[in-house]
2 protein chains.
Amino acid sequence: MATVSDITVSAAINSLSALLFLVAFAILRLQPINDRVYFPKWYLKGIRENPSTSGPLVKHFVNLDLRMYLRFLNWVPAALRMPEPELIDHAGLDSAVYIRIYLLGLKIFVPVALLAFGVLLPVNYTGGNFQTMSASMKDLTYGEIDKFSISNVPPASKRLAAHILMAYVFTFWTCYVLYKEYKHVTDMRLHFLASQSRRPDQFTVLVRNVPSDPDESVSEHVDHFFRVNHPDQYFLHKVVHNANKLAKMVEQKKDLQNRLIYYTNKHERKPTKRPTTKTGFWALWGQKIDAIDYYTAEIEKLSKEELAERERVIDDPKSVLPAAFVSFRSRWGAAVCAQTQQTRNPTRWLTDWAPEPRDIYWNNLAIPFVELNLRKLIMAVALFGLTFCFMIPIAIVQTLANIESIGKVLPFLKPLINTRSVKSFIQGFLPGIVLKIFLLILPMILMEMSKIEGYVAFSALEARSAGKYHLFLLVNVFFGSIVTGTALQQLKEFLKQSASKIPETVGVSIPMKATFFITYIMVDGWAGVAAEILRVGPLVIYHLKNVFLVKTEKDRDEAMDPGSLLWPITEPRLQLYFLLGLVYSTVTPILLPFIIVFFAFAYLVFRHQVINVYHQKYESAASYWPGVHRRILIGLMISQITLLGLLSTKEATNSTPFLVALPILTLWFHRFCKNRFESAFRKFPLQDAMIKDTLERATEPQFDLKAYLKDAYIHPVFKGGETELMDVDDEDDDDHFNLVPTKRNSRRGSQPGTQEGSPEDHRTGIYVV
Amino acid sequence: MATVSDITVSAAINSLSALLFLVAFAILRLQPINDRVYFPKWYLKGIRENPSTSGPLVKHFVNLDLRMYLRFLNWVPAALRMPEPELIDHAGLDSAVYIRIYLLGLKIFVPVALLAFGVLLPVNYTGGNFQTMSASMKDLTYGEIDKFSISNVPPASKRLAAHILMAYVFTFWTCYVLYKEYKHVTDMRLHFLASQSRRPDQFTVLVRNVPSDPDESVSEHVDHFFRVNHPDQYFLHKVVHNANKLAKMVEQKKDLQNRLIYYTNKHERKPTKRPTTKTGFWALWGQKIDAIDYYTAEIEKLSKEELAERERVIDDPKSVLPAAFVSFRSRWGAAVCAQTQQTRNPTRWLTDWAPEPRDIYWNNLAIPFVELNLRKLIMAVALFGLTFCFMIPIAIVQTLANIESIGKVLPFLKPLINTRSVKSFIQGFLPGIVLKIFLLILPMILMEMSKIEGYVAFSALEARSAGKYHLFLLVNVFFGSIVTGTALQQLKEFLKQSASKIPETVGVSIPMKATFFITYIMVDGWAGVAAEILRVGPLVIYHLKNVFLVKTEKDRDEAMDPGSLLWPITEPRLQLYFLLGLVYSTVTPILLPFIIVFFAFAYLVFRHQVINVYHQKYESAASYWPGVHRRILIGLMISQITLLGLLSTKEATNSTPFLVALPILTLWFHRFCKNRFESAFRKFPLQDAMIKDTLERATEPQFDLKAYLKDAYIHPVFKGGETELMDVDDEDDDDHFNLVPTKRNSRRGSQPGTQEGSPEDHRTGIYVV
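Thresholds, definitions, all that
- Residues numbered from 1 in each chain as written.
- Chains lettered and ligands numbered in written order.
- Predicted model: local features only at pLDDT ≥ 70, side-chain atom pairs only at ≥ 80, totals over all residues.
- Heavy atoms only, no water.
- Helix = DSSP H or I, 4+ residues; strand = E, 2+ residues; numbered from the N terminus.
- Contact = heavy atoms within 4.5 Å.
- Pairing = 2+ DSSP bridges.
- Axes fitted to C-alpha atoms, helices over the stretch in contact; angles between N-to-C directions.
- Salt bridge = Lys/Arg side-chain N within 4 Å of Asp/Glu carboxyl O.
- Buried < 20%, exposed > 50% of the residue type's maximum accessible area, 1.4 Å probe, protein only.
- Least-squares fit on C-alpha atoms with pLDDT ≥ 70 in both.
- Buried area = accessible area lost by both parts, 1.4 Å probe.
- Polar contact = N/O pair within 3.5 Å; in protein donor to acceptor, adjacent residues only side chain to side chain.
- Nonpolar A, V, L, I, M, F, W, Y, C, P; charged D, E, K, R; others polar.
- pLDDT = per-residue confidence, 0-100.
- Parallel < 35°, antiparallel > 145°, perpendicular 65-115°, else oblique.
- Left-handed = near helix turned anticlockwise from the far one by under 90°.
- Phe/Tyr/Trp six-rings, centres within 6.5 Å; stacked < 30°, edge-to-face > 60°.
- Expected span 1.5 Å × (residues − 1).

## Focus on the environment of B:L22
Residue and element names in this part refer to chain B. Secondary-structure assignment places L22 in helix α1 (residues 4-29). C-alpha separation for the pair L22 and E532, spaced 510 residues apart in sequence, amounts to 10.0 Å. Look past the residues within four positions of L22 in its chain and what remains in contact with it is W75, I533 and F601.

Here you go:
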């Protein structure tokens, strides 16, 4: 058990490392050469230009104005200055609401901490359990921290009533704040949707599982069906082609072109020597050949294949999927179609809101509908296995990756391996590294699992991944830290125990793990957030790209990687802090200030990042909020059940009925909020649709909706007109969003790769942690 | 443990009693005097008239044709003769589908029994566990029945593989049959809905929680809202008045009128003596007065009050509830409105299909919407308490109802009580009677609980009651019989045990309880079903009413109580047989023939009753089927988990993974069916609505929809025009269903009380078991 001074030292070290990150950030961000790494958002918006080119050359790279270094923390007030409505306008609602989660943490935990310090700390400290115990046990097993925790209250003490009362107060406060926040977010979302300008997805419904008809093509069938069943509202439709293979080719060509540019640059710098490459795998072996000629020929070959495939996709009726984007004359018509069942068979003519065009994950549109149930079943089993048995494959990999097997596969490394120091390094670190790598790629695995489940929108995929990740962290980080041993062993242990013993086992361990979690909050929370603002990865990659690939201003724009919020990763991690705060609020309130510092610091950093860095791939208008709300409530219920378990070991059995009521009330609160708010995140009310329709008809009676909607939902590989065969950057459908050509828009048009990315880009882009 | 001969004797006794009931039925039903008890349905349909009045008087009452007694079982082929389409036409889809549940039992269990007898019986019988055990234990604790059960297979035997294999085969077979049945019922429902003639609920949506508007009345507000948001489809609306008090008065007046008729009849028979009554409670004490004068005066007084209340309800804007029935020009418009969300706030302007007029439970329309969540929460807690602690209040009542307290409250009974035989009777039987009474009124209690939850349709109320009753029977009859002791004690015991021990505890007891359940099936199932066909209750009540109340032919029609299926009671009970069959199919297959006999016999009896007796209060087009399906699957999963528990005590731990997969697969099958079929029971597809609209517009272009819909949704107390103040039988809205006046219809008009009943009638009518 750690003493107070241990914690102080740890806090000092972690604060120092966080401070170091901040100082590094403060210095690096002032250098003009890094401007595009730390302020990419402003470049994307077309507001910020390259630093002025007057003055000495060195000024292009290094900032010599010493006064600016003195004010190295001035990003903090700058991050706080932008008001929320402007932030929504600047970064979108998704980002603005995401930041509010940190604020929500502060709103919940600051009053809770004040109350806990005012009431529970004195009650615990004067509990005197350790005074009596330490006399005999020589004060060895318990640390000073525990004097402030519930452990210091003797069993069956009347003082425990204070904890039960506080559990009620904290629950009601948390629910109250959550309710207010849900209401506020709902209002923000509805206001945002109402004030949004015209978007194709407002008029469009995605129809899936169109039944096949022997006499008609899919297109005709869709047309007839909606002409009959939505006679006044149906407008036009767009069938979906299976262009997955074509998209892969386009991707491949882009990669080849990047290599060509790399070698061309190399040649330009050293015109005397033609660059060479090898034909084998990853250019590691094989015949040596001229790189520029080779890639030019390869690109040409691929272009021809792509052209053929493109024609095949368009002409072949078999490439038409049984799905279509159906657009309506009004938002009202689309809202009606999206919310109703079309035919008797609920698995056919399935209608749902079309995701916005950028949000569509085209690959999954090709999945036959009958498979979806089976896929979900398999993935549910896989998730269970992954969560509870994740140590097993890791252990196997670790066994395989030991010295002997490396020696066998790569015999030439044998002499090196047999060196004593290298050997011990591998044996000592490799298992740890394998685990670390697994944890790093875990979100990617979960994303792939969600993709297998068949969701057709990135927003849905991310929401599912976040849910899976949250489960994994809950089981393996929270419960895994409390009850040591692998999750599978725990499960076995738990099942052998009595059902009512599970909360007890967890509850008893909780006060003992307080110091561990305090350290965890400082390492993972404080230092982790400080690392986020430094952006080491993008910084290195940007400079590498700048050296090897960038030739034109456009290339430089592309090399810039603004990244995005990655909320499917950060949000479940952040939920852990809510959980810890709620669990320890009644048990060891001394942990709360660390949580509060985390939330405050993270709020500052993420607000800064959202304003200056991140660029979201799509806008879902905070559709993830019901998930956030639910996960906080899960944390609240876990805290209540563990407190119940803890108190039952304190021989306070009379308190059980009071505490059992809490999770039931929380569950009821969850259902209440679901009924009250969730539909605002799933459906589009007819009244709002009608208001927007009426307004628009009055203000723009001449608007050509047909031209507007015609090409909104085309697979990205078919976009771009004549340049489609040569220009790989044509996966841009952003133009269809903003009809009035502004400066901003024309800029955006010139850097589409960074803006949208192809689906593949998006996937990898999201999961580089 | 019972021997085979014990079971044989029990079977003989129960078969005999069932046969006696059948013979009594066969004789009684042939008497003309009972014709209206055993064939009320034909009278209601106007097909059957009173027996011809020619011939001697005795023929009116007793059937003297001896040949007919010889064919006393000829109701059996008669019950089977009517083909299903005709049955649907004759008795409605609800009844036709209900009978199919028994057929479903046969479809599942006949092949299961054949397979179990072919494979498992030989495996069990040659298992030889008892041969080895009986040598030492002298064959005392196990009966012969157990030789055929899994108990005869020694632990860790390879023979257990047969049971696991059979568990899979039975699961797949059950799921296959359930799938086919769900599909068939869905098709029947959709076909039934499609072929239904015009009904007001097809065009109408119930809007609840209309927000209050300071400037407009509810009626104006509804009108403006739908005029704006459903401009092309909105037709008319009808606000709802809070007429609960008025309905109670009407009810009261009806009761007084019945008494008046009773005394008038009495007076007519004995004109010399004026009948008298007492003014006190239940006419038990108080001043003696002239009965006819008294009731005439009372009725007059009440009529005046009723008139005042009627005017108040109509004129007072406060009596208008924030709810309305909104009708649309087409089924398409109503389908759209019912399935979509109207405004941002999902708790306002709530739209849902209007129940058919007969199905509405008007009282609950007055419940403020905000209360509903709270009511549901309270009722959930109450249900939990009722299910697990139901023995506690019973025990208290039993303690209160003992000799001493009776003596204190009613001192004049003291001498009687102190008689030895009476005392022992009371002490021996009263506790049992209290329990029996509680079990009889339990469905009524559950129905009241569902009413408190605030559902506005009888069909919904009954579905909820059925779910509650099923839970109660599951816990208290099935688990309660297996693990003896009260449910609360079991729960305590279970919570103290290990979570994984619960299936074990239950699993081990299961083979030992086989003989108990075989007896249960015979007593409750065989004899119970035979008693159903005899209709002792209605028989007695009809003849009593005939003597005391009936004056005219119309009165006789009213005295006839056809009853209805009471499926919220019979269906959960019947689920117990599915559960027993599934649980014992792998454990003690010898139980299966008893189940099969039950299903076959019940099928015959209920088919006969549906054809000749029952008259359903409303038609929900088999909307209860998803519940039936779900409950059978719950039974299947219980059978799988108990088998898992049983086998884990047989030291067949290797089998666990195989058996764990079964409930997961079953759960997945449930979700699959839910996705595939359930929406047909909840929503009305737009395509079908459009087809019906188009057809109708083509065939009846001149139809006056306005006149048709105008008065369809009026509270029953406001129906009946001029006679509304004097005629209590005017709660008939059936006229609005059939526009072409047929003979059948005109007859129906003359016996509305029996047809619909007021809401109160309906409630009590349903729960007289």
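## Things to note about the sheet that holds strand β6 (residues 350-353) of chain A
Residues and elements named next belong to chain A. Here four strands make up an open sheet; going across it, the order is β2-β5-β1-β6 and the pairing antiparallel. Both edges of this open sheet fall to β2 (234-241) and β6, since each of them pairs with a single strand only. Mean inter-strand twist for the sheet, computed between neighbouring axes without regard to direction, equals 30°. Direction of pairing for strand β1 (residues 204-208) relative to β6: antiparallel, over a ladder of four bridges. By the bridge assignment for β6, R208 is matched with L350.

## Here we look at the pattern of salt bridges
With the rule as written, the count across this model stands at 52 salt bridges over all chains. In this structure, B:K245 engages B:E309 in a salt bridge whose closest nitrogen and oxygen atoms are separated by 3.8 Å. Here B:E309 lies in helix α13 (residues 291-315) and B:K245 lies in helix α12 (residues 244-269), a separation of 64 residues in the sequence. With a relative accessible area of 52%, B:K245 lands in the exposed category. B:E309 gets classed as buried once you look at its relative accessible area, which sits at 5%. For the salt bridge of B:D711 with B:K710, the shortest nitrogen-to-oxygen distance reads 3.8 Å. With relative accessibility at 43%, the residue B:K710 sits in the partly exposed group. Here the salt bridges do not stand alone but share partners, grouping A:R198, A:R331, A:D693, A:E696 and A:E700 into one network.

## Notes on the relation of the copies chain B and chain A
For the pair chain B and chain A, the relating rotation is 180°, the translation along its axis is 0.1 Å, and the fit reaches an RMSD of 0.1 Å. Here the transformation between the copies is reduced to the relation of a two-fold axis. A share of 100% of interface residues in chain B that are also interface residues in chain A marks the association as one of identical surfaces.

## Looking at the interface of chain B and chain A
In this complex, chain B contributes 42 residues to the contact, which on the side of chain A involves 43 residues. Buried area between chain B and chain A, both sides added, is near 3,900 Å², and the carbon and sulfur share of it is 58%. Counting across the interface, chain B meets chain A through two salt bridges. Residue B:R344 is joined to A:D688 by a salt bridge in which the shortest nitrogen-to-oxygen separation is 3.0 Å. If you look at where chain B meets chain A, you find 14 residue pairs in polar contact (both at pLDDT 80 or more). For the side of chain B that touches chain A, the secondary structure elements donating two or more residues are α9 (160-195), α11 (218-229), α14 (331-339), α15 (371-389), α21 (487-496), α29 (656-682) and α30 (686-699) of chain B. For the side of chain B that touches chain A, the element with the most residues is α29(B), which contributes seven residues. Per-class residue counts for the side of chain B that touches chain A are 21 nonpolar, 16 polar and five charged.

## With respect to the pairing of strand β2 (residues 234-241) of chain B
All names here are of chain B. Burial runs high along β2: six of the eight residues are buried. As paired strands, β2 and strand β5 (residues 320-328) are joined by six bridges and run antiparallel to one another. Across the sheet, V239 pairs through a bridge with A324, a residue of β5.

## Description of the confidence of the model for chain A
Residues and elements named next belong to chain A. Per-residue confidence for chain A gives a mean pLDDT of 77; residues scoring 70 or more make up 78%. In the predicted structure, residues 134-141 sits below a pLDDT of 50 and forms three contacts with residues beyond four places in sequence or in another chain. Here residues 721-769 is modelled with pLDDT under 50, and outside its nearest four sequence neighbours on either side it reaches 105 contacts, counting other chains as well. Predicted complex, confidence summary: ipTM 0.74, pTM 0.76.

## What about the sheet that holds β5(B)?
All names here are of chain B. Judged by pairing direction, the sheet is antiparallel, and its four strands sit side by side in the order β2-β5-β1-β6 without closing on themselves. The open sheet terminates on both sides in strands that have one partner only, identified here as β2 and β6 (350-353). Pairs of neighbouring strands in the sheet enclose a mean axial angle of 30°, with direction left out of account. Here strand β1 (residues 204-208) runs beside β5; their pairing, made up of four bridges, is antiparallel.

## Thoughts on the packing of α12(B) against α13(B)
Residues and elements named next belong to chain B. Running from N to C, α12 and α13 point in directions that differ by 160°, and their axes come no closer than 9 Å. Here α12 lies roughly antiparallel to α13, going by the angle between them. Pair α12 / α13 crosses with left-handed handedness. Residue classes in the contact of α12 with α13 are distributed as 11 nonpolar, six polar and eight charged.

## Considerations on the packing of aromatic side chains
All names here are of chain A. Under the defined criterion, the tally for this structure stands at 68 aromatic pairs over all chains. The interplanar angle of 55° and the centroid separation of 4.9 Å between the aromatic rings of F578 and F599 together place this pair among those described as tilted. Placement of F578 in helix α26 (residues 567-587) and of F599 in helix α27 (residues 592-612) is noted, with a sequence separation of 21 residues between them. Note on accessibility: F578 and F599 belong to one class, buried.

## Regarding helix α13 (residues 291-315) of chain A
Between its terminal C-alpha atoms α13(A) stretches 36 Å, which fits the 36 Å expected from 25 residues at 1.5 Å a residue. Here the buried face of α13(A) lies against β2, α12 (244-269), β3 (276-278) and β4 (288-290) of chain A.

## Concerning the side chain of B:H470
Mapped onto the secondary structure, B:H470 falls in helix α20 (residues 458-482). Take B:H470: its relative accessible area is 8%, and that puts it in the buried class.

## Concerning the environment of B:P77
Residues and elements named next belong to chain B. Here P77 shows up in helix α5 (residues 75-81). On the basis of relative accessible area, P77 is assigned to the partly exposed category, the value being 40%. It is 9.5 Å that separates the C-alpha atoms of P77 and H608, two residues lying 531 residues apart in sequence.

## Quick look at the packing of helix α7 (residues 93-125) of chain A against α27(A)
All names here are of chain A. Running from N to C, α7 and α27 cross one another at 160°; their axes reach a closest spacing of 9 Å. For the element pair α7 / α27, the angle class is roughly antiparallel. You can see that α7 and α27 cross each other, and the crossing is left-handed. Tallied by class, the residues present in the contact of α7 with α27 amount to 22 nonpolar, two polar and one charged.

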